[in-house]
Amino acid sequence: MSGDLSYQEELSRSESKTPAGADHDAPDSDAAKLAGMGYTQEMERGFSKWSLLGVSFALTNSWFGISASLVTGISSGGPIVTVYGIIIIALINGCVAISLSELVSAMPNSGGQYFWASELAPRKYANFLAYATGAIGYAGSLFTCASVALAIGSALMGMIQLNNPDLVIERWMVFVAYQIFNLVAWVFNCWGKTLPKVGSFFLYVSLVSMIAITITVLATSSPKQNAKFVFANFVNNTGWESNTIAFIVGLINPNWSFACLDSATHLAEEVPKPERNIPFAIMGTVAIGFGTAFIYSISMFFSMTDLDQLVNTPTLVPILELYYQATGSKVGATLMVFMVCFTGLGCQVACHTWQARLCWSFARDRGLPGSHLWAQVHPKMGIPFYAHCVSCLVVAILGLLYIGSTTAFNSMVTACIVLLYISYAIPITLLLMKGRDNIKHGPFWLGGFGLVANIVTLFWTAFTLIMYSFPYGKPVLPSTMNYVSAVYAVVFALVMGYWFLRGKHTFRSKDERAVEAEQIAHYTPEQ
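Residues numbered from 1 in each chain as written. Predicted model: local features only at pLDDT ≥ 70, side-chain atom pairs only at ≥ 80, totals over all residues. Heavy atoms only, no water.

S.K.: Just to check I follow, could you spell out the overall build of the chain for this structure?
M.R.: Looking only at helices and strands, one finds 23 helices and two strands in the chain. On C-alpha atoms alone, the chain measures out to a radius of gyration of 23 Å, which is about the 24 Å that the 2.2 N^0.38 rule sets for 527 residues. Expressed along its principal axes, the backbone C-alpha trace of the chain runs to roughly 75 × 45 × 45 Å. Long-range pairs, those at least 24 residues apart, make up 82% of the contacts in the chain with a sequence separation of at least 6. Between the centroid of the 28 positive side chains of the chain and the centroid of its 29 negative side chains there is a distance of 1 Å. (Helix = DSSP H or I, 4+ residues; strand = E, 2+ residues; numbered from the N terminus. Rg over C-alpha atoms; globule rule 2.2 N^0.38 Å. Contact = heavy atoms within 4.5 Å. Lys, Arg positive; Asp, Glu negative; His and termini not counted. Charge placed at Lys NZ, Arg CZ, Asp CG, Glu CD.)

S.K.: How do you make sense of the nonpolar core when you look at a structure like this?
M.R.: In globular proteins that are soluble, nonpolar side chains generally tend to be buried together. Core analysis: the largest hydrophobic core is formed by 162 residues, its most contacted members being Phe143, Ile213, Tyr296, Leu322, Tyr323 and Tyr468. Element by element, the count of residues in this core is highest for helix H8 (residues 123–163), at 20 residues. Sequence-distant contacts of Tyr323, defined by excluding residues within four places in its chain, comprise Ser67, Ile213, Val217, Tyr296, Met300, Gly328, Ala333, Met336, Val337 and Val340. (Core = buried A, V, L, I, M, F, W, Y, C linked by side-chain atoms within 4.5 Å. Buried < 20%, exposed > 50% of the residue type's maximum accessible area, 1.4 Å probe, protein only.)

S.K.: I keep staring at a nonpolar patch on the surface and nothing clicks. Help me out?
M.R.: The grouping of Tyr84, Ile87, Leu91 and Phe290 at the surface amounts to a nonpolar patch, some 340 Å² of accessible area in total. Top contributing element to the nonpolar patch by residue count: helix H6 (residues 79–106), with three residues. One can find Leu91 in helix H6. (Patch = residues over 30% accessible without salt bridge, like charges linked within 9 Å, V, L, I, M, F, W, Y side chains within 5 Å. Areas by Shrake-Rupley, 256 points an atom, 1.4 Å probe, with all protein chains shown as cover. Salt bridge = Lys/Arg side-chain N within 4 Å of Asp/Glu carboxyl O.)

S.K.: What should I look at first to understand the pattern of salt bridges in this one?
M.R.: Close approach of charged atoms allows side chains of opposite charge to pair. Inspection of the entire model under this criterion finds six salt bridges. A salt bridge links Glu275 to Lys33; its shortest N-O distance comes to 3.4 Å. One end of the pair, Glu275, is in helix H14 (residues 274–303); the other, Lys33, is in helix H2 (residues 29–36), and 242 residues separate them in sequence.

S.K.: Where do I start with the packing of helix H3 (residues 49–60) against H14 in this structure?
M.R.: Where H3 contacts H14, the two axes come as close as 9 Å, and the packing angle between them is 45°. With respect to H14, the axis of H3 lies oblique. Once H3 is placed against H14, the crossing between them reads as right-handed. Residues Lys49, Trp50, Leu52, Leu53, Ser56, Phe57 and Thr60 of H3 touch H14, and the partners they reach there are Asn277, Ile278, Phe280, Ala281, Gly284, Thr285, Ile288, Gly289 and Thr292. Within the contact of H3 with H14, the residues separate by chemical class into eight nonpolar, seven polar and one charged. (Axes fitted to C-alpha atoms, helices over the stretch in contact; angles between N-to-C directions. Parallel < 35°, antiparallel > 145°, perpendicular 65-115°, else oblique. Left-handed = near helix turned anticlockwise from the far one by under 90°. Nonpolar A, V, L, I, M, F, W, Y, C, P; charged D, E, K, R; others polar.)

S.K.: Where do I start with the side chain of Glu270 in this structure?
M.R.: Checked against the element boundaries, Glu270 lands in the loop between helix H13 (252–256) and H14. The class for Glu270 is buried, based on a relative accessible area of 3%. A distance of 2.8 Å separates the side chain of Glu270 from the side chain of Arg357, its partner in a polar contact. Among all residues touching Glu270, those that are not within four sequence positions of it are Met43, Glu44, Arg45, Gly46, Phe47 and Arg357. (Polar contact = N/O pair within 3.5 Å; in protein donor to acceptor, adjacent residues only side chain to side chain.)

S.K.: Help me understand helix H17 (residues 330–364) in this model?
M.R.: Spacing of three or four residues puts side chains on the same side of an α-helix, whose turn is 3.6 residues. With 35 residues, H17 extends 50 Å between its outermost C-alpha atoms, agreeing within 8% with the 51 Å of an ideal straight helix rising 1.5 Å per residue. Burial within H17 is extensive, with 29 of its 35 residues counted as buried. One side-chain oxygen at the N-terminal end of H17 lies 3.3 Å from the backbone nitrogen of Val331; it belongs to Ser329. (Expected span 1.5 Å × (residues − 1).)

As C-alpha cells, then:
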C-alpha cells in the first residue's frame, strides 16, 4: 500500500481486487481490515451483538439518568420538561445515532471520532483535527464517569438519610461514596473476558429494575395526579422570566440521559463484524432508552404527591422522596433506590470500559502524555490495564471538585454533554465537506435521511454549546452560576497547550499509519 493512501482509499482499492465469491465476513477479515488502518489486532473479539448492546445501554441507561437528574427538570418546568423533553431529545439523539452508525459502519475503529476525523479531514489539517477530537472526546468521557459516580454516591447517602432522619448529609460523605463506587467499577473492569457477560447482565438488571419500580410505584401511590399535571402543568422555579429559557435549561436532565452514544464505537476491535453490530447497538440503545425513560417518567409523575417536597428533600435525592411519597414505606423506597444504585453501578462499569478504550486507542496514536504506557494491553487481563487505571485515577481526582463547589461540579456534568457533541460534530462536519458520496459506505447507510441526521446533529451541537451555558437560575449568584464556559476554557487550554508543546511532534499521522499498514500487510512470521 502506498504511504499516501487513506484507509478509505485502500479499502476501495483492495475490494476492487477481491475475487468474485470471496467471503468478506471470513474470521480473519476483521483483523485484515484493522491492519489496513495501520493497527494490529490486540484485543480479543469477545463481545457479541447482544453483549455489545448490553454495555452500550448500560452506559446510556436513560431511565436511570432521569432518576438521577430529576431535580433539574422539576425546577425548570415540572413534569412537562421531562416528558416532552424525552421525546425531543430522543428524536435528536436518534439523528446523532444515525450519524455515528454511518461513520462506524464505514470506518470501524476503536478510535471512533478522532480516527474518522483523521480519515476525512484535508491532509493539512488532519493531524490537529484528529488530535483535538480525541482529546475533547476523552475529556467528555472522564466528566461523564465522574457524574455517574456522583449520582450513585448521592443515592446511597440519600438512602442512609431516609432511614436516619437526624443525619445531615455533608459533601465529604457523598465524596466517600463517590470514591467507593469508582473503585468498585475499577475492579469490575480488570477482567476483560468477563465484561461481555457483565454487560449482558446489567442490561437485564436495568430492564427488570425499571419494570419492577414502575409497577410498584403505580400500584401503591394514591391518589394519582391528573393528566393535566403531567402533560400540561408548567412549573418555573428557576427565576427566569422566560419559560422558554427555563424549559431549555431543564432539557439538561433528559439530555444527560441520552449521552455517550459513541461508547459502542470504541469497542470496534472487540466485536466481530463491527460495521454491522455496532450500528445495531447504537440504534438499539436509543430505542430502548426512549421506551424505558418515557414510560418510567410518566408513571413517576402520575404517582407524585408533593412537588415542593421533592425539590427540598433532606435526602437530596428527589427520586427517593418520590418513591417514599408513592409507597409510604421507608423500606420500600430504600429497596427501590437500591435497585437504582445497582443499575447505576452497571452504568459506572460501562463508563470505565468506555473511557479506558478511549484512552487506550488515543494513546496508540501518541495523543496523550505517557502514551507508551496507556497503549499497552495486559496479556493476562485482556484489557488496556494502565489506560484503565489512569482514567479511574483522573475520575477520583475530579471528585475533589465536588468538595470545593457543587455548582462547579454540576457545570462539569453539563460540559460532558456538550464536549461529546463537539467530538461527534467534527467528523460529521468533515464528512459533509468531503461529500457523503465520496467515501466508501458501510452496510449501514441511510442516504438522504442520513444527511438530514447529520445536519440536525450539527445544529443541536451549536444550540447546546450556547444555550447550556446559561445560568441555571436567577438571580445569578456564585452558588447558582453556570461555570460551564470556564470548564470549556480549561479543557481547550489544556488541549491546545499540549498540542503546541508536544502533541504536534508526537501524534501519529495518517501517513504514518499508512506506512505501518503496508508493513503489517507484508509481514510474515519468518520476519
